[in-house]
Amino acid sequence: MPHPGTYQTRVSAYADVERKTGDAALSAYGELYGRVQRTLFAEVAAGRSAVSLKRAYLQRYGIPARMFNAVRVSLEGKISSVKAQQPLRLDSLDRRLARAERQIRAAAERGCREQVHQKKRRWAALQSQRAALQEDMEAGRVRLCFGSKRLWRKQHHLAENGYASHQEWLGDWQEARSNEFFVLGSRDETAGCQLCVASVGDDGSLTLRLRLPDCLASRHGKYLVIQGVRFAYGHAQVLAALESNAEYTRYRREHGEQAVRATTLGQAISYRFKRDAKGWRIFATTNMMDVPVVTDKRCGAIGVDLNADHLAVAETDASGNPVNAFRVPLVTYGKSRHQAEAIIGDAVARVVAYARAAGKPIVIEKLDFRQKKAELEGENRQYSRMLSSFSYGKVKACFLSRGYRQGVEVQQVNPAFSSVIGRVKFMERYGLSVHQAAALVLARRWLGCSERIPRRRVAPVGDGVQVAFSVPARKRVKHVWTYWGAVAGQLGPALAAQHRLGRRRGPPNPAQAARRVA
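Quick notes on the rules
- Residues numbered from 1 in each chain as written.
- Predicted model: local features only at pLDDT ≥ 70, side-chain atom pairs only at ≥ 80, totals over all residues.
- Heavy atoms only, no water.
- Helix = DSSP H or I, 4+ residues; strand = E, 2+ residues; numbered from the N terminus.
- Buried < 20%, exposed > 50% of the residue type's maximum accessible area, 1.4 Å probe, protein only.
- Contact = heavy atoms within 4.5 Å.
- Areas by Shrake-Rupley, 256 points an atom, 1.4 Å probe, with all protein chains shown as cover.
- Pairing = 2+ DSSP bridges.
- Axes fitted to C-alpha atoms, helices over the stretch in contact; angles between N-to-C directions.
- 1 Å grid on protein atoms, 1.4 Å probe; cavity = no way out; pocket = protein on both sides within 12 Å on 5 of 7 lines; lining within 4 Å.
- Points joined across faces, edges and corners; volume = space filled by probe spheres on them.
- Core = buried A, V, L, I, M, F, W, Y, C linked by side-chain atoms within 4.5 Å.
- Salt bridge = Lys/Arg side-chain N within 4 Å of Asp/Glu carboxyl O.
- pLDDT = per-residue confidence, 0-100.

## Some remarks on the overall build of the chain
Looking only at helices and strands, the chain has 17 helices and 15 strands in total. Counting across all 518 residues of the chain, residues that qualify as buried make up 40%. In the chain, of all internal contacts separated by at least 6 residues, the share reaching a separation of at least 24 is 65%. For the chain, the accessible area works out to roughly 28900 Å², and carbon and sulfur atoms hold 50% of it.

Shown next as structure tokens:
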């Protein structure tokens, strides 16, 4: 399947108009786009079909058909996203309610009346949220706030949020509701997009000719030309898409419409314009060029265990034997969103480059952090903040995207009992950390290697301490993970006790640690 890629840059210059005039034209386009989208959403929420409203909207707002299609497609995507998130939110609320009930019972057994009272208030709030969400799902209702809920709530606390008056807040609110617009592309159209046509200059930069709606033409002209567009990353991809579109046009002219549709020529290029504090940005989305795969399973695999502060990497040969293991720092706690994205990108780039050089696929965990997020309530603040700052989705998306661009396969496997298996079978045997041993298990699991329980049934739990465990009688009808589950149940209390003992002892003495190593 084609892999879409999105590349961004900033608007640097306009043709024949000043920067302020060009920005004003984009702002007017964004204001009209937002107004049309909000009105369409209200009518769709009332039960009307968006397609049936097309003719009326073209006449009412004086917009081209492609602009209406862009509004409709964008709105349908938002509605679909909300509907897809509703079951996940319901599941998360169920988990949090169950945890709150357990905490209430535990606090009642301890006789903590104040804590019981506060937990019951929290339980009631969660129950109210769940009832409202359940009602929306049953009614097929979707709630969207254009401009963000956070900014909407600021009007109720003006002074605390730095506003001198409600009118000042209203200005920001109206600006937030008109700070972006979407231009839909199609491979059948000129340069992949009818309303925003790109052309390549002699120096390789792009010139975008944006068609403005008829209702804005009297004030801002029929077209707005943006010059000097160059994407820092992905510029070659956009140029390749434009070349494919040119070839599509030539082939259609020579062989006809039916013949060209049977080819893979032509790519749609969709544009999104978004305004921030520094000005307008351009996002171009198109299919990425096919990259030949340079990795092979017959060479082995590279397992990656994702942790809140680092990536543990373990490389194996074709038989599942460890070849190398290392640790890549990945500390996102206390960082801004952009800083965290940069740190994640650098860490993933290092692992992907290593895998490309080794010619081996990458194997990552297929995780679901919903349960972990639900368990944050009631945990200590340091652990909760660390886990909240860790974005598994960002790491996963970065692995998939960069792996595709570099020709490195990225596979996902179920991480069930990977830490337990790594601790019991590989940690001491190969001198690995528990996380590197878990990464080794992931790579071996994808290669189809054995996960049998070893004959020597002891497991290290730290500070040279080992714990013996027993396993139920083996039955062929049961999966081997059943027995690893029994092992995990026995190791859990021992690991918790060892952790409490380490906390009582305090941090290790560096001098003693140095003598111990020597």
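Next comes the rest of the description.
## Re the pairing of strand β5 (residues 206-211)
Residues L206, L208 and L210 of β5 are buried on one face, while the alternating residues T207, R209 and R211, pointing to the opposite face, are not. Two elements, strand β4 (residues 196-200) and β5, share five bridges in a ladder whose sense is antiparallel. Across the sheet, V197 pairs through a bridge with R209, a residue of β5. Hairpin remark: β4 followed by β5, antiparallel, with five residues in the connecting loop; positive phi at G204, about 90°.

## A short note on the sheet that holds strand β13 (residues 410-413)
The five strands are arranged β11-β10-β9-β12-β13 in an open sheet whose pairing can be described as mixed. Each edge of the open sheet is held by one strand with a lone partner, namely β11 (322-329) and β13. In this sheet, neighbouring strand axes are inclined to one another by 25° on average, regardless of whether the strands run parallel or antiparallel. Of the strand pairs in this sheet, strand β10 (residues 310-316) and β11 are connected by seven bridges, and their pairing is antiparallel. Considered in β11, the bridge of E315 is made with N324. In the packing of helix α13 (residues 392-406) onto the sheet, contacts are made with β9 (301-306), β10, β12 (362-365) and β13, and the angle to β13 comes to roughly 140°.

## As for the layout of surface pockets
Counted as a void, the second largest pocket has a volume near 1300 Å³. Along the walls of the second largest pocket sit 30 residues, with T6, Q8, Y233, E341 and R405 positioned nearest its centre. Listing elements by their share of the lining of the second largest pocket, those giving two or more residues are β1 (4-10), α8 (235-255), β8 (279-287), α10 (337-358) and α13. With eight residues, α10 is the single largest residue contributor to the lining of the second largest pocket.

## A few points about the nonpolar core
Counting 55 residues, the largest nonpolar core has Y29, F181, V183, Y271 and F273 as its most contacted members. A per-element tally of this core places helix α1 (residues 19-45) first, with nine residues. Excluding residues within four positions of it along the chain, V183 makes contact with Y29, A70, C193, L195, C196, L210, S270, Y271 and F273.

## Considering the pattern of salt bridges
Under the defined criterion, the tally for this structure stands at 27 salt bridges. With its nearest N and O atoms 3.8 Å apart, the salt bridge here joins R252 to E257. R337 is paired through a salt bridge with E341; the nearest N and O atoms lie 3.4 Å apart. You can see R337 and its partner E341 sitting in helix α10, four residues apart, about one turn around the helix. E341 sits in the partly exposed class, given a relative accessible area of 31%. Each of D188, R252, E257 and R261 takes part in a single network of salt bridges with overlapping partners.

## Quick look at the side chain of E315
Note that E315 resides in strand β10. With a relative accessible area of 7%, E315 lands in the buried category. Setting aside chain neighbours within four positions, we find E315 in contact with A301, I302, N321, P322, V323, N324, Y354, A358 and K360.

## A short note on the confidence of the model for the chain
Of the residues in the chain, 87% have a pLDDT of 70 or more, and the chain-wide mean is 87. Contacts for the low-pLDDT stretch residues 510-518, under 50 throughout, to residues beyond four places or in other chains number zero contacts.

## Looking at unusual backbone geometry
With phi around 70°, D16 is a residue other than glycine that occupies positive phi space. Among the structural elements, D16 can be located in the loop between β2 (13-14) and α1. Unlike most non-glycine residues, A191 shows phi in positive territory, near 55°.

## Quick notes on the sheet that holds strand β3 (residues 180-183)
Read from one edge of the open sheet, four strands run β1-β8-β7-β3, paired in antiparallel fashion. Edge strands, defined here as strands with exactly one partner in the open sheet, are β1 and β3. Pairwise comparison of adjacent strand axes, ignoring direction, gives a mean angle of 20° for this sheet. Sheet topology places strand β7 (residues 270-276) next to β8; seven bridges connect them, and they run antiparallel. When the sheet's bridge partners are listed, R272 is paired in β8 with F283.

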